[in-house]
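One letter stands for each residue in the lines below.
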Amino acid sequence: MLFAANAFAQTLGPPDATRAVSAGATQDYRIGPLDTLDITVFEVKDLTISKMQVDASGQILLPLVGAVTAQGKTTGELSSEIARRLASKYLQNPQVSVVVDEAVSQKVSVEGAVAESGVFELKGRTSLLEAVALAKGASKDANLHRVSIVRTVDGRERAATFDLDAIQHGTARDPEIFGNDVIVVGSSKGKEFWHSIVEALPGLIIFQYL
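### Examining unusual backbone geometry
Thinking step 1. Phi is positive for Leu-34, close to 75 degrees, though the residue is something other than glycine.
Thinking step 2. Note on placement: Leu-34 falls in the loop between helix H1 (8–12) and strand E1 (36–41).
Thinking step 3. Within the chain, Asn-180 stands out as a residue other than glycine whose phi angle is a positive 75 degrees.
Thinking step 4. Summarising the element assignment, Asn-180 is placed in the loop between strand E11 (176–177) and strand E12 (182–187).

### Examining the confidence of the model for the protein chain
Thinking step 1. In this model, the protein chain carries an average pLDDT of 81, and 76% of its residues clear a pLDDT of 70 or more.
Thinking step 2. Long-range and interchain partners of residues 1–11, a stretch whose pLDDT sits below 50, account for 25 contacts in this model, where long-range means more than four residues apart.
Thinking step 3. Low pLDDT, under 50, characterises residues 17–27; the stretch is placed with 18 contacts to residues that sit more than four places away or in other chains.

### A few points about the side chain of Thr-161
Thinking step 1. By the element assignment, Thr-161 lies in strand E10 (residues 156–162).
Thinking step 2. Given the relative accessible area of 1%, Thr-161 is considered buried.
Thinking step 3. Side-chain polar atoms of Thr-161 contact the side chain of Ser-148, separated by 2.5 Å.

### A closer look at the pattern of salt bridges
Side-chain pairing between opposite charges can occur once the charged atoms of the two side chains come close.
Thinking step 1. Within the structure shown, the criterion is met by five salt bridges.
Thinking step 2. Salt-bridge contacts for Arg-30 lead to Glu-77; the nearest nitrogen and oxygen are separated by 2.9 Å. Linking Arg-30 in the loop between H1 and E1 with Glu-77 in helix H2 (residues 75–89), this pair joins segments that are 47 residues apart in sequence.
Thinking step 3. Given a relative accessible area of 6%, Arg-30 falls into the buried group.
Thinking step 4. A salt bridge links Arg-85 to Glu-81, with the nearest nitrogen and oxygen atoms 2.8 Å apart. Of this pair, Arg-85 and Glu-81 both sit in helix H2, four residues apart, which is roughly one turn of that helix.
Thinking step 5. Among the residues examined, Arg-85 registers a relative accessible area of 27% and is labelled partly exposed.
Thinking step 6. A cluster of three or more residues bridged by salt bridges with shared partners is formed by Glu-81, Arg-84 and Arg-85.

### Structural notes on the side chain of Ser-79
Thinking step 1. Here Ser-79 is to be found in helix H2.
Thinking step 2. In terms of polar contacts, Ser-79 uses its side chain to reach the backbone carbonyl oxygen of Thr-75, at 2.8 Å.
Thinking step 3. Residues within four places of Ser-79 in sequence aside, it is in contact with Val-96, Ser-97 and Val-98.

### Description of the sheet that holds strand E5 (residues 96–102)
Within a sheet, neighbouring strands are paired by backbone hydrogen bonds and run either parallel or antiparallel to one another.
Thinking step 1. Pairing is antiparallel across the open sheet formed by three strands, whose spatial order is E2-E1-E5. The strands lining the two open edges of the sheet, one partner per strand, are strand E2 (49–53) and E5. Taking the axes of each pair of neighbouring strands and ignoring which way they run, one obtains an average angle of 30 degrees across the sheet.
Thinking step 2. Here six bridges tie E1 to E5, and the two strands are oriented antiparallel to one another. Its bridge partner lying in E5, Val-41 is registered against Val-96.

Quick notes on the rules
Residues numbered from 1 in each chain as written. Predicted model: local features only at pLDDT ≥ 70, side-chain atom pairs only at ≥ 80, totals over all residues. Heavy atoms only, no water. Helix = DSSP H or I, 4+ residues; strand = E, 2+ residues; numbered from the N terminus. pLDDT = per-residue confidence, 0-100. Contact = heavy atoms within 4.5 Å. Buried < 20%, exposed > 50% of the residue type's maximum accessible area, 1.4 Å probe, protein only. Polar contact = N/O pair within 3.5 Å; in protein donor to acceptor, adjacent residues only side chain to side chain. Salt bridge = Lys/Arg side-chain N within 4 Å of Asp/Glu carboxyl O. Pairing = 2+ DSSP bridges. Axes fitted to C-alpha atoms, helices over the stretch in contact; angles between N-to-C directions.

Here it is in structure tokens:
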């Protein structure tokens, strides 16, 4: 079934971890489980905490505030939530800063016909073109017309295929990459390569071929 490249976001949607977050803030990094945060409450030393790890359920536990859900929020959204809770009972106009010290959960796998395949950390908003660059770019035998993003949505693996050559030339949209996405760059041996992908992921739903 054929879909236009710019229909990817509407068709596939964001991954499960970010689905509940408002679409208007998707440009910023989303905090995930096991990320490490530096939380500063200005002029309140006892409430300033370095290297606080988000637990496996996506929450942090703060003095006075208690448990706060950090998963899926940007640092700005989490700062505002902590400040709101402090202001409701304890402080007047608290100034809160949250910085991601180490991003553990937000990583992307880049495989296939690239110079250096592997798992890479996402730092801020990352596009498909930027993610392939993390793997030192496509290899000489890459088929840039067949680059797929595999993503878990509603508990199932789904994929959409893009023309990276068109993206490089500015004639197609460069889609956003989320944590835990898998990018597969096709090779000139296209049939063998894609058959191996389907065999490895038998439940995969292919949404788009270009």
